[in-house]
Amino acid sequence: MSAGDSSLPPAQPATRSASEIVIAIHPRAGSFSDRWRACCEERGLGVRIVDGYATDIIDQLKGCDALLWHFDHEEATDLLMARHVLTAAEYAGLSVFPDRHTAWHFDDKLAQKYVLEAVNAPLVPTWVFYEEDRGRAWLRRATLPCVRKLRRGAGSANVGLVRSGQEGQRYLGAMFGRGIRPVSGYFTDVGVRLTSTRTREQALAKLRRAPEAIRARWRKRAGVQPERGYALFQEFEPGNQFDTRVTVVGDRAWGFIRLVRKNDFRASGSRNIDFDRGRVDPECVRIAFAVNEALRSQSTAFDFVHAPDGRPLIVEMSYGYNPAVVAQVPGQWDRNLSWHAGCARAEDAILDGVLARIGDRRRRAGASTAAG
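Residues numbered from 1 in each chain as written. Predicted model: local features only at pLDDT ≥ 70, side-chain atom pairs only at ≥ 80, totals over all residues. Heavy atoms only, no water.

**Topic: the sheet that holds strand 7 (residues 159-162)**
Here is the rule: Strands qualify as paired when DSSP identifies two bridges or more between them. By the criteria applied, helices consist of DSSP H or I runs no shorter than four residues and strands consist of E runs no shorter than two, each listed in order from the N terminus. Axis definition: a line fitted to C-alpha atoms, limited for helices to the stretch in contact. Angles are taken between N-to-C directions and run from 0 to 180 degrees. In this analysis, two residues are considered to be in contact whenever any of their non-hydrogen atoms come within 4.5 Å of each other.
If you walk across this open sheet you meet the 4 strands as 5-8-6-7, and the pairing is antiparallel. Each having just a single partner strand, strand 5 (126-129) and strand 7 make up the two edges of the open sheet. Neighbour-to-neighbour, the strand axes of this sheet turn through a mean angle of 30°, independent of strand direction. Pairing analysis gives 4 bridges linking strand 6 (residues 146-149) to strand 7, with the strands arranged antiparallel. When the bridges of strand 7 are listed, V147 appears paired with L161. With respect to the sheet, helix 5 (residues 109-118) is in contact with strand 5, strand 6 and strand 8 (231-235), its orientation differing from that of strand 5 by roughly 125°. Helix 7 (residues 165-175) rests against strand 6, strand 7 and strand 8 of the sheet, and its axis sits at about 145° to strand 8.

**A few points about the environment of V260**
Among the structural elements, V260 can be located in the loop between strand 10 (252-259) and strand 11 (273-274). Once the C-alpha coordinates of V260 and Q241 are considered, the two residues, 19 residues apart in sequence, prove to be 5.6 Å apart. Non-local contacts of V260, meaning those with residues more than four positions away in its chain, are made with N240, Q241, F242, F265, R266 and A267.

**A word on the packing of helix 6 (residues 132-141) against helix 7**
This is how the line gets drawn: For classification, angles of less than 35 degrees are called roughly parallel, those exceeding 145 degrees roughly antiparallel, those between 65 and 115 degrees roughly perpendicular, and all remaining angles oblique.
Interhelical geometry of helix 6 versus helix 7 gives an angle of 170° and a closest axis separation of 10 Å. Relative to helix 7, the element helix 6 is oriented roughly antiparallel. On helix 7, the residues that touch E132, G135, R136 and L139 of helix 6 are G165, G168, Q169, L172 and G173.

**Some thoughts on helix 3 (residues 76-91)**
Our working rule: Expected helix span is computed as 1.5 Å times (number of residues minus one). To get the bend at a residue, fit one axis to the 7 residues ending there and another to the 7 starting there, then take the angle between the axes.
In this model, helix 3 (16 residues) spans 24 Å end to end at C-alpha, consistent with the 22 Å of a helix rising 1.5 Å per residue. The largest bend in helix 3 is about 35°, located at A82. Those residues of helix 3 that are buried lie in contact with helix 2 (57-60), strand 3 (66-69) and strand 4 (95-97). Downstream of helix 3 by one or two residues, G93 has phi in the positive range, about 100°.

**What about the sheet that holds strand 1 (residues 22-26)?**
Remark on secondary structure: sheet strands pair via backbone hydrogen bonds, oriented parallel or antiparallel. Ordered by their spatial adjacency, 4 strands build an open sheet running 2-1-3-4, and the pairing between neighbours is parallel. In the strand order of this sheet, the two ends are held by strand 2 (46-49) and strand 4, each with one partner. With strand direction ignored, the average angle separating the axes of adjacent strands in the sheet is 20°. Both strand 1 and strand 3 contribute to a ladder of 4 bridges, which runs parallel. Paired with H26 across the bridge in strand 3 is W69. Those strands touched by helix 3 are strand 3 and strand 4, and its axis lies near 165° from that of strand 3.

**Some thoughts on the packing of helix 1 (residues 32-42) against helix 12 (residues 346-371)**
This is how the line gets drawn: Left-handed describes a crossing whose near helix is turned anticlockwise from the far helix by less than a right angle; the clockwise case is right-handed. Only Asp, Glu, Lys and Arg are considered charged, only Ala, Val, Leu, Ile, Met, Phe, Trp, Tyr, Cys and Pro nonpolar, and every remaining residue, Gly among them, polar.
Helix 12 packs onto helix 1 with a crossing angle of 60° between their chain directions and a minimal axis gap of 9 Å. Overall, the two elements helix 1 and helix 12 adopt an arrangement that is oblique. Remark: the crossing between helix 1 and helix 12 carries right-handed chirality. Residues F32, R35, W36, C39 and C40 of helix 1 pack against E347, D348, I350 and L351 of helix 12. Tallied by class, the residues present in the contact of helix 1 with helix 12 amount to 6 nonpolar, no polar and 3 charged.

Function cannot be read off these values alone, since they describe shape.
This is how it looks when you write it as structure tokens:
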């Protein structure tokens, strides 16, 4: 990998006036939409704030060139219909984020298993069973410990270690019985949240927000049905003191490591992040670019661990991630694995990709008109 610092190439000039472009945004606090709106206004683009939940959302999109919606994995309504609205917008001729290639497997580790295997990505060995008897038969000969998961959840929620056959049998009994709710309670990971509280003012602010946060968490839990009817296991890769998160948007990749929690094997959601690029395995970056391209995805965050022989393996992936963390990475790699110093926003790069698609579509339309 070339370690020489350089600046990223400037954006290509728009082929048409920016004022002619209208970007529809469904807003959600704390999501990509916060930056998207500001970035559009900085560039002189038209912005239309829309309500993706409204029955007339397709009418709201008339006259727009794109729809941007960073939908939430913990909102049952979002998972029910956001992808449908985005796909319908594509049929209406809009450029969208996330598009079908980017989002169809979002928050679904079953889907991710199949598609990563299909593109020959280096996935942590993963097994899924839809019949309890098959799961129990596999467990009797499985190498333990192994990792059990629900297909849904982020930040290490719904992930646990199966240390014995008895633990595995209990998991199977739950998954083919009453099921397990995928939305964690408010007090899940409370230790991590307390550890990340640095000042008295932060502690008081969290206490003030606690009642509404608890109500919001239980509303989400009430709106989501238990997961059942399958069992998902992954091979446990011992010796990992951290995982590696590589986020790809187009020709840029951001990378950092997340240290595992104390007395635990999980790193996602630990909030203990190291942005030293020297600790990021360049092979993780190379794989992330290659797999993102194979998936034809606009943006993907890949989580890696290393096998005992040192090979990077993908644990899971997601189009959605915390943009504020990515913004702290002190540079990005390009496809040649050259490093470009300076913080940059993934949301801006996503918008660049959407604008490029709009430009391509307009050029094709212009060429078709001229040919006709």
